[in-house]
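Survey of secondary and tertiary structure
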There are 2 protein chains.
Amino acid sequence: MSCIFCKIVSGDIPSKKIYEDENILVIEDINPQALIHVLIITKEHIKSANHLTKENIDVIGKMFLAAKVVAKQMNIDESGYRLINNCGTDGGQSVNHLHIHLLGGEKLGENLR
Amino acid sequence: MSCIFCKIVSGDIPSKKIYEDENILVIEDINPQALIHVLIITKEHIKSANHLTKENIDVIGKMFLAAKVVAKQMNIDESGYRLINNCGTDGGQSVNHLHIHLLGGEKLGENLR
């Protein structure tokens, strides 16, 4: 097991947990790009969004519901936030384990590229 | 009905359709920020990701599966892509109808903010 997110899920690598349930772990990003920047990680090792199938697609809903819980917890549910999934090389995916960035706490820019 | 995406879904406003199924419509973004930039839109009017609940959460999985189909169709499934949901004011949500931006066709930047 060489996946850094699997090691975070298992506790072999410590992390600052924001939220956890049966399927999802939310941790702080170690290089935050906004006042609030957390990572929503699946506990199951799924390589990327492009590896989601009808069989495991439910997990993405669980990730979005976790995002909503965390946004409320951090008091940005009304001000708003951005959810980003980088998929593959061109998408800028840095860890090959499905995760969604949640950024907020300030007005985010219009550049999505 | 004043929602522009509802009008696009109903056909009252013309759009260039990339993909369509029972729940989802994918159209070209009229102000593309990358070589490929499409919008994955729910047919149902849901205000934002923060308005997803256990009752309607399945639609987000359908959006991600549609993204995967479109990525393959556009030949960027292997090179990669970025999926972005802007939610609320700070997130930069411009239309209050749930949609996900899919960008690709080139190496995207590292700035998520």
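Above this text sits the structure in question.
Residues numbered from 1 in each chain as written. Chains lettered and ligands numbered in written order. Predicted model: local features only at pLDDT ≥ 70, side-chain atom pairs only at ≥ 80, totals over all residues. Heavy atoms only, no water.

Some details on the interface of chain A and chain B
By a frequent convention, interface size equals the accessible area lost on bringing the separate parts together. Our working definition: Contacts are residue-level and defined by heavy atoms, with any inter-residue pair within 4.5 Å sufficient. Buried area is understood as the total, over both parts, of accessible area removed when two parts are fitted together, assessed with a 1.4 Å probe. We define a salt bridge as a contact between a side-chain nitrogen of Lys or Arg and a carboxyl oxygen of Asp or Glu at a distance within 4 Å. In DSSP terms, a helix is any run of H or I states spanning at least four residues, a strand is any run of E spanning at least two, and both are numbered starting from the N terminus. Throughout, the ten residues Ala, Val, Leu, Ile, Met, Phe, Trp, Tyr, Cys and Pro are labelled nonpolar, Asp, Glu, Lys and Arg are labelled charged, and all others, Gly among them, are labelled polar. At least two DSSP bridges between two strands are needed for those strands to be called paired.
The partner chain B presents 41 residues to the 41 residues of chain A that form the contact. In this assembly, chain A packs against chain B so that about 3,900 Å² is buried in total across both faces, 50% of it on carbon and sulfur atoms. Viewed at the interface, chain B and chain A are joined by two salt bridges. Note that E106 of chain A and R113 of chain B form a salt bridge whose closest N and O atoms lie 2.4 Å from each other. Of all elements in the fold, only α2 (58-73), β4 (81-87), α3 (88-91) and β5 (99-104) of chain A reach the threshold of two or more residues within the side of chain A that touches chain B. Counting residues per element, the side of chain A that touches chain B draws most heavily on β4 of chain A, at seven residues. Across the side of chain A that touches chain B, the residue classes break down as 14 nonpolar, 18 polar and nine charged. In this sheet, strand β4 (residues 81-87) of chain B lies alongside β4 of chain A in antiparallel orientation, the contact comprising seven bridges. For N85 of chain A, the partnering residue across the bridge sits in β4 of chain B and is L83 of chain B.

Focus: the packing of aromatic side chains
Short version of the rule: Pairing of aromatic rings covers Phe, Tyr and Trp, the last counted by its six-membered ring, and requires centre-to-centre distances within 6.5 Å; plane angles under 30 degrees mean stacked, over 60 mean edge-to-face, and any other angle means tilted. The cut-offs for exposure are 20% and 50% of the maximum accessible area for each residue type, with area from a 1.4 Å probe on protein chains only; residues under the lower value are buried, those over the upper are exposed, and the others partly exposed.
Following the criterion strictly, the structure yields one aromatic pair over all chains and no others. With a centroid separation of 5.8 Å and an interplanar angle of 75 degrees, the aromatic rings of F64 of chain A and F64 of chain B are classed as edge-to-face. In this pair, F64 of chain A is assigned in helix α2 and F64 of chain B in helix α2 (residues 58-73), connecting two distinct chains. In this structure, F64 of chain A and F64 of chain B share a single accessibility class: buried.

Considering the pattern of salt bridges
All names here are of chain A. For the structure on display, the rule yields 10 salt bridges over all chains. E20 serves as the salt-bridge partner of K43, at 2.8 Å between the closest nitrogen and oxygen. Within this pair, whereas K43 is found in the loop between β3 (36-42) and α2, its partner E20 is found in strand β1 (residues 17-20), the two being separated by 23 residues in sequence. A relative accessible area of 25% places K43 in the partly exposed class.

A closer look at the relation of the copies chain A and chain B
Note the threshold: Only residues with pLDDT of at least 70 in both copies contribute their C-alpha atoms to the least-squares superposition of the copies.
Overlaying chain A on chain B yields an RMSD of 0.0 Å, the required transformation being a rotation through 180 degrees with an accompanying axial translation of 0.0 Å. Given the turn and translation reported, the copies of this chain are related as if by a two-fold rotation axis. Across chain A, the rotation axis passes nearest the C-alpha of I84 of chain A, at a separation of 2.3 Å. Comparing interface residues between copies, 100% of those in chain A also lie at the interface in chain B; the contact surface is shared.

Some words on the environment of E78 of chain A
Residue and element names in this part refer to chain A. Tracing the sequence through the fold places E78 in the loop between α2 and β4. With relative accessibility at 73%, the residue E78 sits in the exposed group. For the pair E78 and L102, spaced 24 residues apart in sequence, the C-alpha to C-alpha distance is 14 Å.

Any link to function would need more than the numbers given here.
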